[in-house]
Amino acid sequence: MKRILNCTASDFAKMNKQDLLQSIRAAEGRTLVAEVMCHTTPLYPGLTNAEYASAFGADLILLNVFDVNEPKIEGLENVKATDTIIQLKKLVGRPVGINLEPVDPEAEAMETLSELPEGRKATAASLKKAVELGVDFVCLTGNPKTGVTNKAILESTKLANELGLLIIAGKMHGAGANESLVNEETVKAFVAAGADIVLVPGVGTVPGTTLAKTEKLVEAIHESGALVLSTIGTSQEGADKETIQQIALYNKMAGADIHHIGDAGMNGIAVPERIMDYSITIRGKRHTYFRMASSILR
């Protein structure tokens, strides 16, 4: 199996769930996922933010605020709604996943919560629709002010597991709910419920996420048989180069298998140079430039 950092677009197109997981394992902490907003005007006209993120070194694309009942991505015009994900995958030559949010109606709210459309919630119907649309993976997590809880993520993970989806599960931040963000018991429960990849806040992204604490979580997840996604979900994707490099290196030291960079840098995407900086930090210029330069026709 080729490592994901040397996979071409045609390699990605042939990957199933197990192939993708094995490729990530073989990459040894050098896989980068970029999250992009679907409903904001792209960085510059003529392309989607997903294409910009891919061009600056992302291996995987994660779509945020994507509504499975009204599939639409700004910058992707004249495409049938049912073909939205398929067409985007053809353009970027990367696996594409979406966020679905396990909203907990019983969550103890720390702030006024937003009301989400059904197509963004991690319900049985939305998960099934995600499969029909052709997503490569689903990330069960929460945006700010959504009232997503770990309990609700656990239940949604069980639903997604029944459909055979590649599942990422966990919270990048509080998501408006008053609860403990993450601990070893929680991450082990996610794996037991069917999560293939457990999401943990990146080192230094939320209060208390030290290298030592993150290392323990990573060890617990790996011992349970799953992979780890470290995340920047706190707008630090818009920070300076040195901050991104520090976060990236600490996350790799902690043992992350996949590195995530969020969508709040500018116009629904990380500052593009920060995507490249993160990539160079975890895998050097050789593999970063390969990823940036590879044609989708290869």
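Residues numbered from 1 in each chain as written. Predicted model: local features only at pLDDT ≥ 70, side-chain atom pairs only at ≥ 80, totals over all residues. Heavy atoms only, no water.

Turning next to the overall build of the chain. On a plain count of helices and strands, the chain comes out with ten helices and eight strands. In summary, the chain has a C-alpha radius of gyration of 17 Å against a globular reference of 19 Å for 298 residues, a match within 12%. Judged by the C-alpha coordinates and their principal axes, the chain covers about 45 × 45 × 35 Å. Taking all 298 residues of the chain together, 55% fall into the buried category. Nonlocal contacts in the chain, meaning residues at least 24 apart in sequence, comprise 77% of its contacts between residues at least 6 apart. Total accessible area on the chain is roughly 12300 Å²; 51% of this is exposed by carbon and sulfur atoms. Charge-centre separation for the chain: the mean point of 30 positive side chains lies 7 Å from the mean point of 36 negative side chains. (Helix = DSSP H or I, 4+ residues; strand = E, 2+ residues; numbered from the N terminus. Rg over C-alpha atoms; globule rule 2.2 N^0.38 Å. Buried < 20%, exposed > 50% of the residue type's maximum accessible area, 1.4 Å probe, protein only. Contact = heavy atoms within 4.5 Å. Areas by Shrake-Rupley, 256 points an atom, 1.4 Å probe, with all protein chains shown as cover. Lys, Arg positive; Asp, Glu negative; His and termini not counted. Charge placed at Lys NZ, Arg CZ, Asp CG, Glu CD.)

On the basis of which strands lie adjacent, the closed barrel formed by eight strands has the order S1-S2-S3-S4-S5-S6-S7-S8 and parallel pairing. Sheet twist, expressed as the average angle between the axes of neighbouring strands with direction ignored, equals 25 degrees. Judged from the three bridges that link them, strand S4 (residues 137-140) and strand S5 (residues 167-169) form a sheet pairing that is parallel. Across the sheet, the residue bridging to Leu140 is Ala169, located in S5. (Pairing = 2+ DSSP bridges. Axes fitted to C-alpha atoms, helices over the stretch in contact; angles between N-to-C directions.)

Our next topic: the pairing of strand S2 (residues 60-64). The buried fraction of S2 amounts to five of the five residues, a majority that puts the element mostly inside the structure. Here S2 shows no split at all, with Leu60, Leu62 and Asn64 on one side and Ile61 and Leu63 on the other all buried. Pairing of strand S1 (residues 31-37) with S2 involves five bridges; the strand directions are parallel. Note that in S2 the partner of Ala34 across the bridge is Ile61. Note that the unit made of S1, helix H3 (residues 49-55) and S2 has a crossover that is right-handed. Bridge count for S2 against strand S3 (residues 96-100) is three bridges, and the pairing is parallel. From the neighbouring strand, Leu62 faces S3, where its bridge partner is Gly97. Between the parallel elements S2 and S3, the chain passes through helix H4 (residues 84-92) in a crossover that is right-handed. (Right-handed = clockwise from strand over helix to strand, strands pointing away.)

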